[in-house]
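Inside the fold
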Amino acid sequence: MTFSGEFLAFMGLALVALIGGVLLLNLTKVVHMVVALIFTFVAIAGIYVLLSAEFVASVQVLIYSGAITIIMLFGIMLTKHDDENEPKTGKLRKLLVFLGILGFAFAVYIGIYNFNVEQEQTALHENNTMQIGKALYSKYIIPFELTSVLLLAALVGSIILAKNEKKEADDE
Amino acid sequence: MMENAWLIPLFPLLSFLILLLFGKRLKEASAYVGILLTLASLVFSILVLFERFSEPTYSTKFDWLTIGDLHLTAGFEVNQLNALMLFIVSLVSFLVHTYSKGYMNGDERFPVFYAYLGLFTFAMLGLVISPNLLQTYIFWELVGVGSFLLIGFYYYKEEAKAAAKKAFIMTRIGDVGLFIGMILLFWETKSFEYSEIFAAVDAGAVSGTMITLTAILIFIGAVGKSGQFPLHTWLPDAMEGPTPVSALIHAATMVAAGVYLVAALFPLFAASKTALLTIAVIGAFTAIFAASIGLVQTDIKRVLAYSTVSQLGYMMLALGSAGYVAGVFHLMTHAFFKALLFLAAGSVIHAVHTQNIEEMGGLWKKLKLTGPLFLIGTLAISGVPGLSGFFSKDEILVAAWEGGHPILFFLALIAAFMTAFYMFRLFFLVFTGEARSEQKHVHESPNNMTYPMILLGVLAVIAGYVNTPWFGSFLGDWLVDGNPALGHGHVEGPIWIMIAATVVSLAGIYFAYLMYRKRSIARNTISGTGDTLHTILLNKYYVDEFYQLTVVAFTKGLSYFLRFIDVFLVEGLVKGVVGIVQGLGRTGSKMQTGQVQTYGAVAFFSLALLVVIFALTGGYLR
Amino acid sequence: MSSVPASAFLALALILFCIGLYGALTKRNTVIVLISIELMLNAVNINLVTFSKYGIAPSITGQVFALFAISVAAAEAAVGLAILISLYRTRKTVNIDEMDTMKN
């Protein structure tokens, strides 16, 4: 293993992502947690670049670091009452979940450890956006359209769910 | 007709089922259901019997269970003995059904009584046409159940309850013997079929010791059912049941089942001298033993019960002395006259509402029909020449003499004397003299009670003439026809035996006459009330008390010990298991918090567990 | 060729996934639970993109699939928050352990 620039970049990004994740678990204020997660999302975008997926990386920055985080912050602000997230859940359950996750991670890690595939030269980084665009509008046109329908449905649904019916009833 | 013999037991079963389902609605009419269906059985039985006179044995079977190479069969067989038993059982059953219509009148569980009667009759008829031991055993137990239900019919009476239990348990003891013997026989011959067992025994495929062992074990079963010593104590107690039941169970059918079993398996017993001797000794001992107890009992039904035990001992003695014909013959005649006596006794009880003979007396004039009929039965059982009992008893005495047991012969002779004595003691005390207690409204029983008695009375007189030394031994020749293993149809005995038997029974009657009628001999000449001998006899030789002290005490001790184990060990274990399950349940119900997160945690934890196990034990690593 | 092996990316994805899972199963605040789920989805996306480059048959499909996943996740986040808000209006709480109407 050589300390190439790529490797250093990966290590740095991975470190940032993991620190963001650990902070998410350990911070006490909800807003801080969300902010910690922004680091993780951005770091993951960097990982995508390393994996020659520039378009996905930009989408990641836009959607996650931008949109979803903002939505979450909105949610927190709209519902905020006890900003403190005091841990009230049972210790036993936490332990059990921790053990389960440890076992799960161990089992999956065995799989990853044994994962070894010949690496091939790929052309993913050349005109990445154009490749995705071509694939989306030719091969994956139907899933693409379905996704747009889904997004529309989600949009309408969210509005209907979040709409304050009482107020509306009062207005009429 | 014989191929339809299997229908005969089904009629009473049908009666049982109908009364079980609709008894409450039928009420008094249920008697007609029972009577009609047993009448159908009787008609079929008579047809079968007559057909069997001219045609060979009919037997059929089909595979019931197949286990590997083993074929357990079920079916039926109509041989001479079975045809005769069918006739006797269905006849007595029919008469008892008819009689009960009057006797049980007004009882609120009237339909139940008839249902039980149907069940019992079904079991008994099924028993006597079984072609193999296994089927016999099944019906044998059903008979036990039927008798249990009938004896305990007045279940609100403590004595009846106890008597029913006692009858069931005592016969069960014998049944265990029968069961072991049956399995041993199966082990040896690989078959439950009578014919195959006899063939194997004939061919010498079974060792002599094994034959003796199985024969005696099976005989233990017969001892239990037929109330032979030492398992006789249930029979007198069983008199707590309704009197028609006593006539049905304890005269003609159930107690005869033991004798029937020995007779049906006679070739097996005949192959072992030891087994035969055992039967003969037990029979003779029971005969004199029970007769001596019968001398002093004061309950009319108990006297008859001990007389039954004694007469059954006679039959066993006959069979044990290789007198197959004599045993079966006496079984038949005894069924008639003992059923008659029981029904007549029932009629007396019906009239005076007491069973104590010391409180009766002078009933001859009041019971114009019952009296003479009772006299006929008494004469028959005493062995007065000309009546049925005389011929069959004579056959038995001849068989005992010819069988080479002079001691047993004399025992039987003494028992015959006692029989005549106590039967006439009973008769004189009940029917002659002055009434010894206030008796109001003494009246003759209704017709449906007297007609069966009249029919039985006729049979008690004439039934003996089918097998006599004078007019030919038709029954005996027919019974052993085509079956040399059963011995001869008629054994010509010395003439003095007949004379001796007659003298002995007449002497018994005369003695009883002197003592209880003319009173020229005081009643306490030999042994009065309060004397040691009298007390011992009155307490039935303390056999019950002996059992109480030994077997019952031991069993009770064992039961307490086992109960201790049960309470502290088994129950503790059970409670432990229950506790664990309850704890699990509580934990499980606590988990049902309604929170999605908890559900998710549990589901995930289980998934992780599975994945880990999968990873550790192989899975994609291999 | 590349100095960073595929398993490194996969391991990173695994750790992130586990963090997300732990958060989703133990945190009380519903918003954090939702965010944890987003983290898990991200971990999955890393896997997809990794296999798109280093898989047995590398192709653009993995990236396209990751895009779909991102858009669906966005929709999910929006609907989830909408539900959260309407729930908050009725129950006046965002604590997930107080939402136990499934019990009755």
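Quantities reported herein were computed from a predicted structural model and do not represent experimental measurements.

Some thoughts on the pattern of salt bridges
Residues and elements named next belong to chain B. Scanning all chains against the criterion turns up eight salt bridges over all chains. In this structure, lysine 225 engages aspartate 175 in a salt bridge whose closest nitrogen and oxygen atoms are separated by 3.9 Å. Here lysine 225 is found in helix α8 (residues 208–226), whereas its partner aspartate 175 is found in helix α6 (residues 158–189), with 50 residues between them in sequence. As a salt-bridge pair, arginine 302 and aspartate 237 come within 3.4 Å of each other at their nearest N and O atoms. Note that arginine 302 is positioned in helix α14 (residues 300–320) and aspartate 237 in helix α9 (residues 234–237), a separation of 65 residues in sequence. The residues arginine 302 and aspartate 237 share a single accessibility class, namely buried.

Things to note about the interface of chain A and chain C
It is common to report an interface's size as the accessible area lost on association of the parts. The interface of chain A with chain C comprises 81 residues on the first partner and 73 residues on the second. Carbon and sulfur atoms make up 76% of the area that chain A and chain C hide from each other, which totals about 7000 Å². Put simply, chain A and chain C have zero salt bridges between them. Inspection of the chain A/chain C interface yields seven residue pairs in polar contact (both at pLDDT 80 or more). Counting only elements with at least two residues in the side of chain A that touches chain C, the list comes to α1 (5–26), α2 (30–50), α3 (54–79), α4 (91–113), α5 (128–137) and α6 (141–162) of chain A. Among the elements that make up the side of chain A that touches chain C, the one with the highest residue count is α3(A) (13 residues). Classifying every residue of the side of chain A that touches chain C gives 52 nonpolar, 19 polar and 10 charged.

Regarding the UniProt feature "transmembrane region" (unreviewed entry) in chain C
All names here are of chain C. Residues annotated by UniProt as "transmembrane region" (unreviewed entry) correspond here to residues 6–25, 32–52 and 64–88. Span residues 32–52 is 100% helix and 0% strand, its end C-alpha atoms 30 Å apart. What you have in residues 64–88 is 100% helix and 0% strand, and the ends, taken at the C-alpha atoms, are 36 Å apart.

Considerations on helix α19 (residues 447–462) of chain B
An α-helix turns once every 3.6 residues. As a result, residues three or four positions apart point the same way. Residue and element names in this part refer to chain B. Look at α19: 22 Å from first C-alpha to last across 16 residues, which is about the 22 Å you get at 1.5 Å a residue. Residues of α19 that are buried: Met449, Thr450, Pro452, Met453, Leu456, Gly457, Leu459 and Ala460. Packing partners of the buried residues in α19 comprise α3 (80–103), α15 (324–352), α16 (370–382) and α17 (388–402).

Digging into the side chain of Gln597(B)
With respect to the helices and strands, the residue Gln597(B) is situated in helix α24 (residues 596–616). What makes Gln597(B) buried here is its relative accessible area of 3%. Within polar-contact distance, the side chain of Gln597(B) engages the backbone oxygen of Ala24(C) at 2.8 Å. Sequence-distant contacts of Gln597(B), that is, excluding residues within four places in its chain, are made with Arg93(A), Gly23(C), Ala24(C), Leu25(C), Thr26(C), Lys27(C), Val33(C) and Ile96(C).

Here we look at the packing of helix α4 (residues 110–128) of chain B against helix α10 (residues 243–252) of chain B
When two helices pack together, their arrangement is captured by the angle between the axes and the distance separating the axes. Residue and element names in this part refer to chain B. It is the contact of α4 with α10, at a shortest axis distance of 12 Å, that shows an interaxial angle of 5°. It follows from the interaxial angle that α4 and α10 lie roughly parallel. When α4 is examined against α10, the residues Phe113, Leu117 and Phe120 are found in contact with a partner set consisting of Pro244, Val245, Leu248 and Ile249. Along the lines of polarity and charge, the residues of the contact of α4 with α10 split into seven nonpolar, no polar and no charged.

Focus on the nonpolar core
Ranked by internal contacts, the top residues of the largest apolar core, which has 210 residues, are Leu265(B), Phe269(B), Tyr324(B), Leu426(B) and Val430(B). It is α15(B) that provides the largest number of residues to this core, a total of 21 residues. Counting residues in hydrophobic clusters, the runner-up holds 80 residues, among them Leu37(A), Val56(A), Leu34(C) and Leu67(C).

Here's the deal with unusual backbone geometry
Despite not being glycine, Ser52(A) has its phi angle at roughly 50°, a positive value. Within the element layout of this structure, Ser52(A) appears in the loop between α2 and α3. Under the relative-accessibility criterion, Ser52(A) is labelled buried at 5%. The backbone phi angle of Lys190(B) is positive, close to 60°, even though this residue is not glycine. Looking at where Lys190(B) falls in the secondary structure, it is placed in the loop between α6 and α7 (194–202).

Re the interface of chain B and chain C
On the side of chain C, 13 residues touch chain B, which itself brings 10 residues to the contact. The junction of chain B with chain C conceals about 840 Å² of combined surface from both sides, 62% of it contributed by carbon and sulfur atoms. For the pair chain B and chain C, the interface holds zero salt bridges. On inspection of chain B and its partner chain C, the count reaches three residue pairs in polar contact (both at pLDDT 80 or more).

About the cut-offs
Residues numbered from 1 in each chain as written. Chains lettered and ligands numbered in written order. Predicted model: local features only at pLDDT ≥ 70, side-chain atom pairs only at ≥ 80, totals over all residues. Heavy atoms only, no water. Salt bridge = Lys/Arg side-chain N within 4 Å of Asp/Glu carboxyl O. Helix = DSSP H or I, 4+ residues; strand = E, 2+ residues; numbered from the N terminus. Buried < 20%, exposed > 50% of the residue type's maximum accessible area, 1.4 Å probe, protein only. Contact = heavy atoms within 4.5 Å. Buried area = accessible area lost by both parts, 1.4 Å probe. Polar contact = N/O pair within 3.5 Å; in protein donor to acceptor, adjacent residues only side chain to side chain. Nonpolar A, V, L, I, M, F, W, Y, C, P; charged D, E, K, R; others polar. UniProt positions renumbered as here; feature names shortened; annotations may be inferred. Expected span 1.5 Å × (residues − 1). Axes fitted to C-alpha atoms, helices over the stretch in contact; angles between N-to-C directions. Parallel < 35°, antiparallel > 145°, perpendicular 65-115°, else oblique. Core = buried A, V, L, I, M, F, W, Y, C linked by side-chain atoms within 4.5 Å.

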